[in-house]
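# A look at the structure
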Amino acid sequence: MALTTLQFGQCGNQVGHELFSTLAKDIHSPKPGVSARDNELYIQNSVNQWFEEDVDSKKLFARAVLVDTENKVVQESFKKQSSNRQWAYNERTCAVRSGGAGNNWALGYQRKGPELLESVSEALRFQNEKVDRLSGIFSIMSSAGGTGSGVGSYIMENIRDEYSKKAFFNAVVLPFEAGEVVTQSYNTLLSLAKILSVSDATLLLQNDHLHSMLSSLLNFKTVGIGDLNSLIALKMAGSFQPLQETPFSMKLNMSDIIARIAPHPAFKYFCIKSSPHVPKESRRFDGGCQWSVLAKHMRQMLRTNILSSDSVSLDWELKQPSSVPPSVHSTTQFSCSVANHLVTRGLAFSNNQYRPEEDFVGRGMHPRWAPENAAFTHSHQTRRFNDQDKFAFLVSNNSQLHVPLNTVVDKAWKMFTHKAYMYQYLRFGLMEEDFVDAFVKLESVVKAYKELGKNQMSYI
Amino acid sequence: MSEFITVQVGQCGNQIGSAFWPLALQEHGISASKPVAQQQRSRYNDAFHSFFSSPHDVSGASYKTISDLESAKVKARAVLIDMEDSVVARFRKGPLRKLFDETLLLTNYPGSGNNWAEGHHAHGSEYASRIVETVRRAVERCDHLHGFLLMFSVGGGTGSGLGTATVKLLHDYFPDVDRFVTCVYPSGHEDVVTAPYNVLLATNILLEYATCVLPADNKSLLDICAYLQNRKESIESAKVVAASNPYEDMNSVVVNMLLNFTSGSRFPGSLNVDMSELSTNMVPFPKLNFLSCGLAPLGFSSTHILPVAKQVEPWARDHQLLKVDPLAGTLLGATLLSRGNVTLSDLRYNVSRLQNRGKFIPWNQDAIKVGLCNVAPAGHPAAHLSLINSTSMSGFFSHIGGQFDRLYRRKAHIHHYLQVESFSPEEFITSRQSIYDTIGHYQQLGETQNAVLDRLNVV
Ligand SMILES: Nc1nc2c(ncn2[C@@H]2O[C@H](COP(=O)(O)OP(=O)(O)OP(=O)(O)O)[C@@H](O)[C@H]2O)c(=O)[nH]1
Ligand SMILES: Nc1nc2c(ncn2[C@@H]2O[C@H](COP(=O)(O)OP(=O)(O)OP(=O)(O)O)[C@@H](O)[C@H]2O)c(=O)[nH]1
Ligand SMILES: [Mg+2]
Ligand SMILES: [Mg+2]
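Residues numbered from 1 in each chain as written. Chains lettered and ligands numbered in written order. Predicted model: local features only at pLDDT ≥ 70, side-chain atom pairs only at ≥ 80, totals over all residues. Heavy atoms only, no water.

- Where an unreviewed UniProt entry is consulted, chain B appears under the name Tubulin epsilon chain-like, with the organism given as Thrips palmi.
- What the UniProt record of chain B gives under Sequence similarities (unreviewed entry) is the line "Belongs to the tubulin family." (UniProt positions renumbered as here; feature names shortened; annotations may be inferred.)

- Looking up chain A in an unreviewed UniProt entry gives the name Tubulin delta chain, with the organism given as Thrips palmi.
- Regarding chain A, the relevant UniProt record gives this comment under Sequence similarities (unreviewed entry): "Belongs to the tubulin family."
- Turning to chain A, the UniProt record has this under Function (unreviewed entry): "Acts as a positive regulator of hedgehog signaling and regulates ciliary function."

As structure tokens, this is what we get:
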């Protein structure tokens, strides 16, 4: 099961770099907690999925293509890895220009994308020729700038046909809402609208949310960009590293997961929730939490406030799991999910003691049209992850996802009705209709997600 | 790395330039006078090419002294233009003389007599092709040219007139390269009687043809210098003042701004800002391209290491290079660039402070652009630069208009302008109108209500 990763722009390249570092660290884990044979199998699967292994040196080469319109980030990546003995990028797989895309989706999409297409396609073929069976292409980008959003969506759109039989999915980092790029809402709107038509599924990552996790769960006093990326990489690796076949768990690879999590063309977004995140200093006190407690905690993360579905005051991912049963408020309900996929990693999971489907299936947790056995799946891997005895990830496609999307549409619409910044986009050949089309597309998505499971509420 | 070409026009432009180059070298650990501490040099050699070119593909690390630069034939990416040659002549004699390429210097005698029309029209048409040719020579030495940094005053004749003519030429001949203009406005106490005309005529051209304008006025620069001289840590700089040209310190404030402004394009950082991003973020409508720049710390480059002051507010009124209080108006956009020892959390903290202080335009309450650059300026652990597009800029334009009206009402001195052949008296009127229009646009935005059309209804 081989996957090629496409890293776009500053964010895509920085996140991608961190992802491969996390994967390499996981592969070389000194305390896997499983038999040598199982460990070997896991490593082999993982390497096949993400890397090429150099036969002589045993060094791993990331199966990635690095794309940017500005060379500084990619150069830094190469500089960083010259000291890394575990893995590296292949220098032939870069497609880089200079000058940037000016935080302008139109400049990225209309100009820089076409300029880069040929060299990206070539680099992709170079990577893909070496693998027996390519299963998918995974793109990583931010939505706020010009390169990840504009070049990223242009390239995804234009290579889609060449890889029409493959899983084709991506991760988008959404900007801090309090402003990072003045035109971020336009860029996000335009890129999400384009990507929606070509991607099988899009993982949404919110910088605000990641920042809150680091400061409130992990007690970080100051947060750097690298810290956000470690968390992103952990969530990705935790969800997509190899899984096991057991009587109670399905052996799913990444493209299986994508197909299951986004089974319907109107619902292509997902998020990854994870727990427990324990500050380093209190790690050694952990281990007490049972699988059932952890899984129930993951389920709590699907709760929303029915009085204001946009409320973020109630975010269970910002809490530590607790064996004290959560007090249940009549004002909360479970957010309706198209699909949830639970991944548990670590020691001693046994379905004699606990069956997660009991918690994740039924009672209005899924829309009526979703068959229950497909709407929830559970996969396990006994090998320890991130040097923790237990770690759980919930890959979730649920109604709550309308909240960040709605914010983007709302902010972009305000600017659009005042025609602010429009001339910057029209300058590169975009038209007002293109904006309107994008609004229509995303408004439909927001509406569909918001109304998911409406009229079948069941209060718990 | 991005490359920049400085275009220095007139006395003021070239004097800012003479403050610029030693400080630019200092960022790479090369000093004209005394050796620079090894500190953070050598890691970011690639950035050396942003401002310098060399015939050999040598990285910046191998240069330690001025004579290393000379023997490697390193040249500044600088075009020097003046219609009198005293300042440029000083370059030709100074310690950095070998840094400037003779073929990139353009001088004449005897200046433009503080007459915008003389500079813009007479010299402008006579020198147009030579200016384009000279700039093209500099452009051809670039691989990744991303901006022209123009420096001149708008009170005199050459900078104001020929400088703005150059902006126009660059717009026509190099349309894809951004034009960032740092221009110095007179304090009002100088003896140039025609300054109000020059200022208004030049401002009109800049509104139309510059990508972004980063204005400074001599009154603010003087106040900043006076403030710094009253503080203990600048005794060292105070000595410099006594010894040299009175503008030197004022100019180094401007230079610090320019070095911080370009740092994200030159050096790596975890949240990079390329220069091309600036106009996308800061100019919501054409001709609203004047940005109020604020610096923190204000200090000149000095060998003093100041503690990281977390409380610095670059957007504060007395940190602006212009006598404008950006937060007094409605904010159309703000850019916060931090370099050196600054974390993402510090930056988020500054964003929320600015959001609490400032009143943002209703259609974009989050109109903030942020950047983090890894490399601190020479002599400081960190620095912050804010660029704000505020409707309070209309006060500045009103002042320009008012000063102009006072003279024009009496038609004082206009014969100097009318003498210049290709100058049309209409230009006074259309330029004045353009300033009115800009003020009107700011005022209209300042009154923008939060009324929004309903969002699209989809089925
Ligand atoms: N989580 C995370 N976010 C990042 C990172 N780098 C940039 N971002 C976010 O990405 C957005 C800015 O987009 P960039 O990726 O820098 O832009 P780009 O794709 O390179 O496009 P241009 O620079 O405009 O050409 C902001 O929302 C940043 O917060 C990163 O390493 N991690
Ligand atoms: N900050 C600063 N202002 C200066 C400097 N030199 C001149 N000025 C200001 O610039 C204005 C005069 O313009 P100059 O630059 O001397 O004139 P010029 O562009 O050479 O034009 P002509 O002399 O008319 O040919 C006045 O407002 C001066 O205060 C300087 O080095 N720094
Ligand atoms: Mg970028
Ligand atoms: Mg002069």
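## Details of the domain arrangement of chain A
- Here chain A is partitioned into domain 1 (2-270), domain 2 (275-402) and domain 3 (403-452).
- Looking at the side of domain 2 of chain A that touches domain 3 of chain A, the elements with two or more residues in it are strand 13 (337-346) and strand 15 (390-398) of chain A. (Domains from an automatic or database assignment. Helix = DSSP H or I, 4+ residues; strand = E, 2+ residues; numbered from the N terminus.)

## Notes on the pattern of salt bridges
- Scanning the entire structure with this criterion turns up 34 salt bridges over all chains.
- Between arginine 317 of chain B and aspartate 325 of chain B there is a salt bridge, and its shortest N-O distance comes to 3.8 Å.
- Each member of the salt-bridge network shares a partner with another, and the members are Glu70 and Lys72 of chain A together with Asp274 of chain B. (Salt bridge = Lys/Arg side-chain N within 4 Å of Asp/Glu carboxyl O.)

## What to know about the site of ligand 2
Residues and elements named next belong to chain B.
- Around ligand 2 there are 21 residues in total, and Gln15, Thr158, Gly159, Asn218 and Asn251 lie nearest to it.
- Within the backbone of cysteine 12, an N or O atom sits 2.9 Å from an oxygen atom of ligand 2.
- Side-chain polar atom of asparagine 251 to a nitrogen atom of ligand 2: 2.7 Å apart, as the coordinates give it.
- Elements supplying a minimum of two residues to the shell around ligand 2: helix 1 (10-26), helix 5 (158-173) and helix 7 (218-229).
- Considering each element in turn, the shell around ligand 2 owes the most residues, four residues, to helix 1.
- Residue classes in the shell around ligand 2 are distributed as five nonpolar, 14 polar and two charged. (Near = heavy atom within 4 Å. Polar contact = N/O pair within 3.5 Å; in protein donor to acceptor, adjacent residues only side chain to side chain. Nonpolar A, V, L, I, M, F, W, Y, C, P; charged D, E, K, R; others polar.)

## Some remarks on the sheet that holds strand 13 of chain A
Residue and element names in this part refer to chain A.
- The 10 strands are arranged 6-4-1-7-8-9-10-15-13-14 in an open sheet whose pairing can be described as mixed. Of all the strands in the sheet, the pair left with one neighbour each is strand 6 (94-96) and strand 14 (376-381). Sheet twist, expressed as the average angle between the axes of neighbouring strands with direction ignored, equals 20°.
- Strands strand 1 (2-8), strand 4 (64-68), strand 7 (134-142) and strand 8 (167-174) of the sheet are contacted by helix 1 (residues 9-27), whose axis makes an angle of about 140° with strand 1.
- Contacts between helix 7 (residues 207-217) and the sheet are confined to strand 8, strand 9 (201-206) and strand 10 (269-275), with strand 9 contributing the most and set at about 50° to the helix. (Pairing = 2+ DSSP bridges. Axes fitted to C-alpha atoms, helices over the stretch in contact; angles between N-to-C directions. Contact = heavy atoms within 4.5 Å.)

## Focus: the side chain of aspartate 359 of chain A
Residues and elements named next belong to chain A.
- Note on placement: aspartate 359 falls in helix 11 (residues 357-360).
- Overall, the relative accessible area of 7% leaves aspartate 359 in the buried class.
- In contact with aspartate 359, not counting residues within four places along its chain, are Lys296, Arg299, Tyr354 and Met365. (Buried < 20%, exposed > 50% of the residue type's maximum accessible area, 1.4 Å probe, protein only.)

## Section: the domain arrangement of chain B
Residue and element names in this part refer to chain B.
- Along its sequence, chain B is carved into domain 1 (1-35 + 46-210), domain 2 (218-390) and domain 3 (395-457).
- At the junction of the two partners, domain 2 supplies 14 residues and domain 3 supplies 11 residues.
- Per-residue buried area on domain 2 facing domain 3 is highest for Leu288, Phe290 and Pro362; these three make up 42% of the total on that side.
- The tally of links between domain 2 and domain 3 comes to zero salt bridges.
- The interface formed by domain 2 and domain 3 holds zero residue pairs in polar contact (both at pLDDT 80 or more) in total.
- Of all the elements in the fold, those that place two or more residues in the side of domain 2 that touches domain 3 are strand 11 (330-340) and strand 14 (382-390).
- A class-by-class count of the residues in the side of domain 2 that touches domain 3 yields nine nonpolar, three polar and two charged. (Buried area = accessible area lost by both parts, 1.4 Å probe.)

## Describing the site of ligand 1
- Looking at ligand 1, there are 26 residues lining it, with Gln14, Thr147, Gly148, Glu180 and Asn229 of chain A nearest.
- Ligand 1 sits at a junction of chains, with neighbouring residues supplied by chains A and B.
- Contact between ligand 1 and cysteine 11 of chain A: an oxygen atom at 2.9 Å from a main-chain N or O atom of the residue.
- Bound to the protein, ligand 1 loses 97% of the 640 Å² it would expose on its own.
- Contributions of two or more residues to the shell around ligand 1 are made by helix 1, helix 5 (147-159) and helix 8 (225-240) of chain A.
- If one sorts the elements of the shell around ligand 1 by residue count, helix 1 of chain A sits on top with five residues.
- Of the residues in the shell around ligand 1, the class split is 10 nonpolar, 14 polar and two charged. (Areas by Shrake-Rupley, 256 points an atom, 1.4 Å probe, with all protein chains shown as cover.)

## Considering helix 13 (residues 402-417) of chain A
Residues and elements named next belong to chain A.
- Compared with the 22 Å implied by 1.5 Å per residue over 16 residues, the 22 Å span of helix 13 between its first and last C-alpha is a close match.
- Taken across its 16 residues, helix 13 has 12 buried, putting it largely inside the fold.
- For helix 13, the full list of buried residues reads His402, Val403, Pro404, Leu405, Asn406, Thr407, Val408, Val409, Ala412, Trp413, Met415 and Phe416.
- Positioned one or two residues after helix 13, lysine 419 has a phi angle of 60°, which is positive. (Expected span 1.5 Å × (residues − 1).)

## Digging into the interface of chain B and chain A
- Residue-level contacts link 56 residues of chain B with 52 residues of chain A.
- Taken over both partners, the interface formed by chain B and chain A buries close to 4300 Å², and the fraction arising from carbon and sulfur atoms is 52%.
- Run the count over chain B and chain A and you get five salt bridges.
- Arginine 455 of chain B is the salt-bridge partner of aspartate 410 of chain A, the closest N and O atoms lying 2.9 Å from each other.
- Counting across the chain B and chain A interface gives 33 residue pairs in polar contact (both at pLDDT 80 or more).
- Counting residues per element, the ones that place at least two in the side of chain B that touches chain A are helix 9 (248-266), helix 10 (276-282), strand 11, helix 11 (344-357) and strand 13 (368-373) of chain B.
- Per element, the largest residue contribution to the side of chain B that touches chain A is six residues, and it comes from helix 10 of chain B.
- Class assignment for the residues of the side of chain B that touches chain A results in 25 nonpolar, 20 polar and 11 charged.

## Let's talk about the UniProt feature "domain: Tubulin/FtsZ GTPase" (unreviewed entry) in chain A
- Here, the residues flagged by UniProt with the feature "domain: Tubulin/FtsZ GTPase" (unreviewed entry) are residues 47-248 of chain A.
- Between the C-alpha atoms that bound residues 47-248 of chain A the distance is 25 Å, and the span itself is 47% helix and 19% strand.

## Concerning the packing of aromatic side chains
- Within the structure shown, the criterion is met by 50 aromatic pairs over all chains.
- Here the aromatic rings of phenylalanine 416 of chain A and phenylalanine 439 of chain A are separated by 5.2 Å at their centres, their planes lie at 50°, and the arrangement is tilted. In this pair, phenylalanine 416 of chain A is assigned in helix 13 and phenylalanine 439 of chain A in helix 15 (residues 432-450), connecting sequence segments 23 residues apart.
- Looking at phenylalanine 416 of chain A, the relative accessible area reads 10%, which means it is buried.
- Among the aromatic residues, ring-to-ring pairing joins Phe4, Phe20, Trp21, Phe48, Phe51, Phe52, Phe91 and Phe100 of chain B into one connected group.
- Above the face of the tyrosine 408 of chain B ring, lysine 411 of chain B is positioned so that its terminal group lies 4.2 Å from the ring centre.
- When the ring centre of tyrosine 436 of chain B is taken as origin, the NZ or CZ atom of arginine 432 of chain B, which lies over that ring, is 3.8 Å away. (Phe/Tyr/Trp six-rings, centres within 6.5 Å; stacked < 30°, edge-to-face > 60°. Lys NZ or Arg CZ within 6 Å of the ring centre and 35° of its normal.)

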